[in-house]
Amino acid sequence: MSSTPQSPANQQAELHTRADLASLPAYVAGRTVPGAVKLASNETPHGPLPSVAQAIADAAAEVNRYPDMVSTALTERLSAELDVPTERITVGCGSVALCQQLVQAMCAPGEEVVYAWRSFEAYPIATQIANAAAVPVPLDETHAHDLDAMLAAITPATRLVFVCNPNNPTGTVVRREALTRFLDAVPPNVLVVLDEAYREFVADPDVPDGIELGRRYPNVLVLRTFSKAYGLAGLRVGYGVGPADVITALRKVYVPFSTNALAQRAAIASLDASDELLERCSAIVAERTRVADGLRDAGFEVPETQANFVWLPLGERTLEFTEHALEHKVVVRGFAGDGVRVTISAPEENDLFLAAARAFR
Ligand SMILES: *Cc1c(COP(=O)(O)O)cnc(C)c1O
């Protein structure tokens, strides 16, 4: 190799990256620690079903080709499953990409995005990246969305409201009556995004199905994902169901080909196997009750959860708890000063966590 006297990379950079990115909160992924149980990212503990693994292998044989840009087969399948026309559905590289597309598609610089806080950490990031203005609204004293306060936070500059149901990281839900009252009051030109990443773990019949609400409210868009209940977190595929004009706008800001062919095929194979996959969710729901009860017996406050995780509002003791859990070989997700989110997993892993929690003083 011939040596260049000075490569450009070694010179003092005079490039101007966006100054405001210095204040952008980084998305913190759950840690993977060798030898420890990971309960930090709300994944399912099961690997793919053989039929899904086969679909991935089949698709892998054709990766010399670009994927279908608009996920035609998956969109048509979702259309049939959900009884929603294809013009109202878009597939994305995980629903987190759709969150980003939504802010880009709805907001000019400075226009407002309302969301509860604490909620999914992608909302503030997507908002700032798009140069929109974040309007976080504190959760209520039960760690649930304060829909009245969110309604009051809507101004003529509001374009988008995120309602995460169940809420990540607290697991709390908004129920049918409260949500429809909210939707009745939101101005019709404001898009309400119901993020239902954990929909399949909801056991409470009073939690409404966003797709059904979308049939009645023309300003509702629902986000769902194959990452959680369907166990495809590593492949990156989610979808949105909403007003056709918003779907068209979302497609305009889509990063071309970002939903890969393996993901598209695996999503269809997962829908083929949905009975089996949703059965796994019932097992998680049963474990959720057992873990929450166990934690309460041990003296912890545990808000009611309808997701595949529990929330421990430990406040200032949050990081002390995450370190303690790590010493017991369990990785959980701490939000400094606020609380700890713990994914519900297989019984043995949950037992390991419960033992660690009981030993916390
Ligand atoms: C996990 C999660 C998502 C999306 O995950 P993807 O893997 O990007 O599909 C979206 N919203 C919430 C609230 C989540 O917790």
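Counting restarts for each chain, with residues numbered from 1 along the sequence as it is written. For this predicted model, a pLDDT threshold of at least 70 governs which residues receive local features, and a threshold of 80 or more governs which side-chain atom pairs are given and counted, while totals over whole chains, interfaces and linings are taken from all residues. As a rule here, side-chain values come from all non-hydrogen atoms in the structure, and water together with hydrogens is ignored.

Draft legend 1. A look at the domain arrangement of the chain. Domain delimitation in this document rests on an assignment produced automatically or drawn from a domain database. Segmenting the chain into domains produces domain 1 (27-47 + 273-359) and domain 2 (50-272). In this structure, domain 1 and domain 2 have C-alpha centres spaced 24 Å apart. Pairs of residues are marked as contacts when any of their non-hydrogen atoms sit within 4.5 Å. Listed as interface residues are 27 residues of domain 1 and, on the opposing side, 31 residues of domain 2. Counting each side, the surface lost to burial between domain 1 and domain 2 is near 2,400 Å², with a carbon and sulfur contribution of 59%. Once two parts are joined, some of their accessible surface, as seen by a 1.4 Å probe, is lost; buried area is that loss totalled over both.

Draft legend 2. How the structure looks around the packing of aromatic side chains. Two aromatic rings, drawn from Phe, Tyr or Trp (for Trp, its six-membered ring), form a pair once their centres lie within 6.5 Å of each other, and the interplanar angle then sorts them: stacked below 30 degrees, edge-to-face above 60, tilted otherwise. Here the structure, examined in full by the defined rule, presents twelve aromatic pairs. A ring pair is formed by Y115 and W117, whose centres lie 5.9 Å apart and whose planes are at 70°; its orientation type is edge-to-face. Burial classes: relative accessible area under 20% of the type maximum marks a residue as buried, over 50% as exposed, and values in between as partly exposed (1.4 Å probe, protein chains only). The exposure class of W117 is partly exposed, given its relative accessible area of 29%. Taking the centre distance of 5.5 Å and the plane angle of 85° together, the rings of F120 and Y123 count as edge-to-face. Side by side, F120 and Y123 carry an identical accessibility label, which is buried. Within the aromatic cluster, the residues linked to one another by ring pairs are Y115, W117, F120, Y123 and F162. By definition, being over a ring means that NZ of Lys or CZ of Arg is both within 6 Å of the ring centre and within 35 degrees of the ring normal. Above the ring of F309, the side-chain terminus of R341 is found at 5.9 Å from the ring centroid.

Draft legend 3. Structural view of the packing of helix α2 (residues 72-82) against helix α9 (residues 261-272). Axis separation between α2 and α9 bottoms out at 9 Å; the angle between their running directions is 25°. By the criterion of interaxial angle, the relationship of α2 to α9 is roughly parallel. Every pair of crossing elements has a handedness; the one defined by α2 and α9 is left-handed. On α9, the residues touching A73, L74, R77, L78 and E81 of α2 are Q264, A267, I268, L271 and D272. Residue type decides the class: Asp, Glu, Lys and Arg count as charged, Ala, Val, Leu, Ile, Met, Phe, Trp, Tyr, Cys and Pro as nonpolar, and the leftover types, Gly among them, as polar. Within the contact of α2 with α9, the residues separate by chemical class into six nonpolar, one polar and three charged. Note on geometry: axes are C-alpha line fits, over the in-contact stretch for helices, and angles between N-to-C directions span 0 to 180 degrees. In DSSP terms, a helix is any run of H or I states spanning at least four residues, a strand is any run of E spanning at least two, and both are numbered starting from the N terminus. Each angle is binned into one of four classes, with values under 35 degrees roughly parallel, values over 145 roughly antiparallel, values of 65 to 115 roughly perpendicular, and all other values oblique. Two helices cross in a left-handed way if the nearer one is turned anticlockwise from the farther one by less than a right angle. They cross in a right-handed way if the turn is clockwise.

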